[in-house]
Every structure is written in structure tokens, then in C-alpha cells.
Amino acid sequence: MSTHILPGLVDVHVHLRHPGGAHKETIRTGTAAALAGGVTAVLGMPNTQPPITDAGVLDAALAHVATEALCDVGLYLGAADGNAHEVAAAAERACGLKVYLNDTFGQLRIETLAALRPHFEAWPHGRPIVLHAEDLNVATAIGLGRVHGQWVHIAHVSRAEEIRLIAAAKDAGLHVTCEVAPHHLFLSTDDLARLGALGDMRPRLGTPADVAALWAHLDAVDCIATDHAPHTLVEKASPTPPPGVPGLETTLPLLLTAVEDGRLSLERLVELTSTTPAARFGIATPTESTVEVEVGPEWTLPERGWQTKPDWSPFAGTRVRGRVVRTTLRGATVWDEGRLTAAAGTGRVLTFDAAAVAR
Ligand code: NCD
Ligand code: ZN
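Residues numbered from 1 in each chain as written. Chains lettered and ligands numbered in written order. Predicted model: local features only at pLDDT ≥ 70, side-chain atom pairs only at ≥ 80, totals over all residues. Heavy atoms only, no water.

(A) Summary view of the layout of surface pockets. Looking at the largest pocket, its volume works out to about 270 Å³. As for the largest pocket, its lining consists of 14 residues, of which A36, W299, W306, V324 and W335 are closest to the centre. Estimated volume of the second largest pocket: approximately 190 Å³. If you go around the second largest pocket, you meet 14 residues; those closest to its centre are N47, T48, Q49, F105 and G106. Per-class residue counts for the lining of the second largest pocket are four nonpolar, eight polar and two charged. (1 Å grid on protein atoms, 1.4 Å probe; cavity = no way out; pocket = protein on both sides within 12 Å on 5 of 7 lines; lining within 4 Å. Points joined across faces, edges and corners; volume = space filled by probe spheres on them. Nonpolar A, V, L, I, M, F, W, Y, C, P; charged D, E, K, R; others polar.)

Spelled out as C-alpha cells, the structure:
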């Protein structure tokens, strides 16, 4: 058995469900789940109710975050048809722009070039544009980024063809980065029969060949981000289950097990989960925000007892060989041996900090 103190994780893709989704998650429960998973900074997605597509909704949500958050939180603005100038004007208070090009949970969607191009023109250059782009839309995102001189970040890459295109774009010198979600690294279509709706998310699980391609091209991946997307078990059991799975609390156990299995080095794990996302997304990470992990002893991820409000995991029953022992935020112990010790408001609001960017 060994213990290590790592920098706190920086997760650039989570759904905190505020405003309008408190039955699924709250700022309090979502950030508690983050700390339990060793995550000290999260960037929250705008597909809320109402969506975060204007300055008023953003500022109200940030005011709520400031009083409730247990870890550091930034919020994305959402691209909609016709709001390019309004969101660009509020960019300073957000952590980035999120563009939904494919179908998923919520109504936020960009369907036409006429709706999309103004965002690439108006959004401040060098600030994150994160795209939900699947298959051909990966090429759309990379092409528009090139034409408009914008950096594009492709969210939750899940398919062999997609990671190959992104690797080729990087080789060609284009300014594109990407993230992969743990469920696309550790689950595949082989798990669908067993998991049912609990294995349904967007993008959907890939084939074992897709999973193998993601592992084979891990050098082209910049970040591992959870796409923590909580929905209740009742919703998941309904005839029209919403897509999405929680992930904040299971990422480190899964990745540390991959380290134990020799599939990943501990140094690379730290780059993918903390230093690179912080450097790309302009997040100044205090050296005293850390996670202590234990590696070696085998245990089973449980069905229940999670901090995330819906209290389930698609990885329940998985044997793992790593766990979070303790999380500290700016030197204060906020998670200690299974116990939450943070007070509401200990988290800070994150915006893009150009000084924290390493290029
Ligand atoms: C997300 C959600 O539930 O908000 N669901 C998902 O399957 N990933 C939306 C998203 O990130 O696409
Ligand atoms: Zn998402």
C-alpha cells in the first residue's frame, strides 16, 4: 500500500443543476461530491432551467454559488441562437462558452451555421469555447476554430474516429484540445445490457474498439473530465430516462486502479486531471488544495452512500484499488476519511485567469 498527496482535481465538465434542477443536485450536494472525489475546482455547465444564456441568469447563479459552494466553481455561458454579443459581453464573469451541437439533456442547441458563426466572431479570443460535438461535428468545430482563429475544446470525446481526427488536427498545429470522460474509458457497449438506463449518456458508450482507441491515443487527450450528470433513480427508471451519469466520486478510484494496472503513470494522471485543465482553462490552483490518496488495497465501489444527491453510480460493484483519504482546500481539511468537514461558502467563484494560463 502507498499514499500520495496530489494536487486537487480540476474538473472542467460537471452539471450542478442550478438553477432549476434541485431535485437532481444542488450547488451544495454537487460540490460535496466533488470534495469526496478529491476535486477542488469544477466548471459547471449551462443546460439548466432556465439555461445560463444571459448575464442575468449567470450573475444570479454566481451569487448563489458564492454562498453555497464547498469547492471552487466556475460557470459556463451557453450559446443560443442570437445571444453571441450578450454572452461575449459577460465573458469575464464566466469560465467559458459551451456550445451544444448534438442532442442531449435540456433544450440548449445550436442547429445552424447562421446561429454558430456569430459566436466564433464575438467570443473573446483565447477564452475557452467548449463544444459538445460528435462525429462530423468534431470537424465542424475544428474548422470554425481555424477560420476564426479561436481555440476549441472538444468535450467528452468517445469514438475512435473522433480521437484520430483530433490527434491529426494537433499534429497539423491547430489549436484544439479535448477531454475524455471516465465512463468512456472504463465502460463500453458490452456493459449496456447490465446497466440499462444507468449506462445511458450523451455521447453514448462506445464499442470496445472505441474504448481501446481512446486509451491508445491518450497522448492526444488534454483532460479527463467527468461530465458528472446526475439524474434521480426514479427518472432513470421512467419510460423516457434522461441521459447522463454521476462521476465525481468514482474518477480517482478508477484512474488509480489504472495506475496500479500499469495503464497510466501517476504523473500522467495528475496532468490529465489537474495541471493541464488548470493551465488551459486559466484556473489558478493553490498549492494547498490537495487530495491524499491511498493505492493498493482492493475494495468495491458501493451502490449507495455517495454525496451526489441521486446517490447511485454506474460503477457500483466495480473492484478498485485506489481511494480518496483526505481533501484540502486552501489548506483547510474539507473531506476527511469519508466525512465532509467543509462549511458552505468555502468555495470561491472561478473566472478565466489569463495569468494562470500556460501555453
Ligand atoms: C448531460 C446532462 O444530463 O445534463 N447528459 C449527458 O448525458 N451527458 C448533458 C450533456 O452533457 O450532454
Ligand atoms: Zn455534460
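(B) Structural view of the coordination of the zinc ion (ligand 2). The protein atoms that coordinate the zinc ion (ligand 2) are H13 (NE2), H15 (NE2) and D227 (OD), at distances spanning 2.0 to 2.1 Å. Taken together, the four donor atoms coordinating the zinc ion (ligand 2) and their angles of 89 to 139° define a geometry best described as irregular. Read in sequence order, the donor residues coordinating the zinc ion (ligand 2) give the pattern H-x1-H-x211-D. Exposure remark for H15: the relative accessible area of 6% places this residue in the buried category. (Donors = N, O, S within 2.8 Å, 3.2 Å for Na, K, Ca; no water. Tetrahedral: all angles 85-135°; square planar, octahedral: opposite > 155°, others 65-115°. Buried < 20%, exposed > 50% of the residue type's maximum accessible area, 1.4 Å probe, protein only.)

(C) View of the site of ligand 1. Around ligand 1, the structure places 14 residues, and the nearest of them are R17, N47, T104, R202 and D227. Side-chain polar atom of H231 to an oxygen atom of ligand 1: 2.8 Å apart, as the coordinates give it. Look at ligand 1: alone it shows 310 Å² of surface, and the protein chains cover 100% of it. (Near = heavy atom within 4 Å. Polar contact = N/O pair within 3.5 Å; in protein donor to acceptor, adjacent residues only side chain to side chain. Areas by Shrake-Rupley, 256 points an atom, 1.4 Å probe, with all protein chains shown as cover.)

(D) Summary view of the sheet that holds strand β3 (residues 39–44). Sheet architecture is open: eight strands sit in the order β2-β3-β4-β5-β6-β7-β8-β9, paired in parallel fashion. Looking along the sheet, the strands with just one partner apiece sit at the ends: β2 (9–14) and β9 (223–224). With four bridges connecting them, strand β5 (residues 96–100) and strand β6 (residues 129–132) associate as parallel partners. If you follow L97 over to β6, its bridge partner there is I129. (Pairing = 2+ DSSP bridges. Helix = DSSP H or I, 4+ residues; strand = E, 2+ residues; numbered from the N terminus.)

(E) Representation of the state of the cysteines within the structure. In this structure the tally under the stated criterion is zero disulfides. A disulfide-free cysteine, C178 has its sulfur positioned 7.7 Å from the sulfur of C223, the nearest such atom. Judged by its relative accessible area of 0%, C178 is buried. (Disulfide = S-S within 2.5 Å.)

(F) Fine view of the packing of helix α1 (residues 27–36) against helix α2 (residues 55–68). With their axes 10 Å apart at the nearest point, α1 and α2 run at an angle of 55° to one another. What the angle tells us is that α1 and α2 run oblique. As for how α1 packs across α2, the hand of that crossing is right-handed. Contacts between α1 and α2 pair I27, R28 and T31 from the former with H64, V65 and E68 from the latter. Of the residues contributing to the contact of α1 with α2, the split by class is two nonpolar, two polar and two charged. (Axes fitted to C-alpha atoms, helices over the stretch in contact; angles between N-to-C directions. Parallel < 35°, antiparallel > 145°, perpendicular 65-115°, else oblique. Left-handed = near helix turned anticlockwise from the far one by under 90°. Contact = heavy atoms within 4.5 Å.)

(G) Spatial organisation of the nonpolar core. In this structure, V42, L77, V99, L131 and L269 are the most contacted members of the largest nonpolar core, which totals 84 residues. With sequence-adjacent residues up to four places away left out, L77 is seen in contact with P46, I52, D54, L58, V87, A90, A91, A94, G96, L97, K98 and W123. By size, the runner-up hydrophobic cluster in this structure holds 18 residues, among which are A41, L43, W151 and F281. (Core = buried A, V, L, I, M, F, W, Y, C linked by side-chain atoms within 4.5 Å.)

(H) Structural context of the packing of aromatic side chains. A full pass over the atoms with the stated rule returns two aromatic pairs. Between W151 and F281, the ring centres sit 5.6 Å apart and the planes meet at 70°, which makes this aromatic pair edge-to-face. Of this pair, W151 sits in the loop between α5 (136–148) and β7 (152–154) while F281 is found in the loop between α12 (266–280) and β10 (290–300), placing the two residues 130 residues apart along the sequence. You'll find W151 and F281 in the same group, each marked buried. Relative to W215, the ring of F186 has its centre 5.6 Å away and its plane inclined at 85°; by these criteria the two rings are edge-to-face. Linking F186 in helix α7 (residues 182–186) with W215 in helix α9 (residues 208–216), this pair joins segments that are 29 residues apart in sequence. Here F186 falls in the partly exposed class, since its relative accessible area comes to 22%. Directly above the ring of W215 sits R263, whose terminal nitrogen or CZ lies 4.0 Å from the centroid. (Phe/Tyr/Trp six-rings, centres within 6.5 Å; stacked < 30°, edge-to-face > 60°. Lys NZ or Arg CZ within 6 Å of the ring centre and 35° of its normal.)

(I) Summary view of empty space enclosed by the protein. Applying the stated criterion across every chain, the model contains four cavities of 30 Å³ or more. Computed from the structure, the largest cavity encloses a volume of approximately 120 Å³. H15, T104, R202, D227 and A229 are the residues nearest the centre of the largest cavity, which is lined by 18 residues in total. For the lining of the largest cavity, the per-class residue count stands at six nonpolar, eight polar and four charged. The space that makes up the second largest cavity amounts to roughly 50 Å³. Lining of the second largest cavity is provided by H228, P246, G247, L248, E249, T250, W306, T308, W312 and S313. In terms of residue class, the lining of the second largest cavity is built from four nonpolar, five polar and one charged.

(J) View of the pairing of β5. Taken across its five residues, β5 has five buried, putting it largely inside the fold. Of the two faces of β5, both are covered, the one formed by G96, K98 and Y100 as well as the one formed by L97 and V99. Taken together, the three bridges between strand β4 (residues 72–78) and β5 define a ladder with parallel strand orientation. Residue pairing across strands places Y76 opposite G96, the latter belonging to β5. Handedness of the β-α-β unit built from β4, helix α3 (residues 84–89) and β5 comes out right-handed. (Right-handed = clockwise from strand over helix to strand, strands pointing away.)

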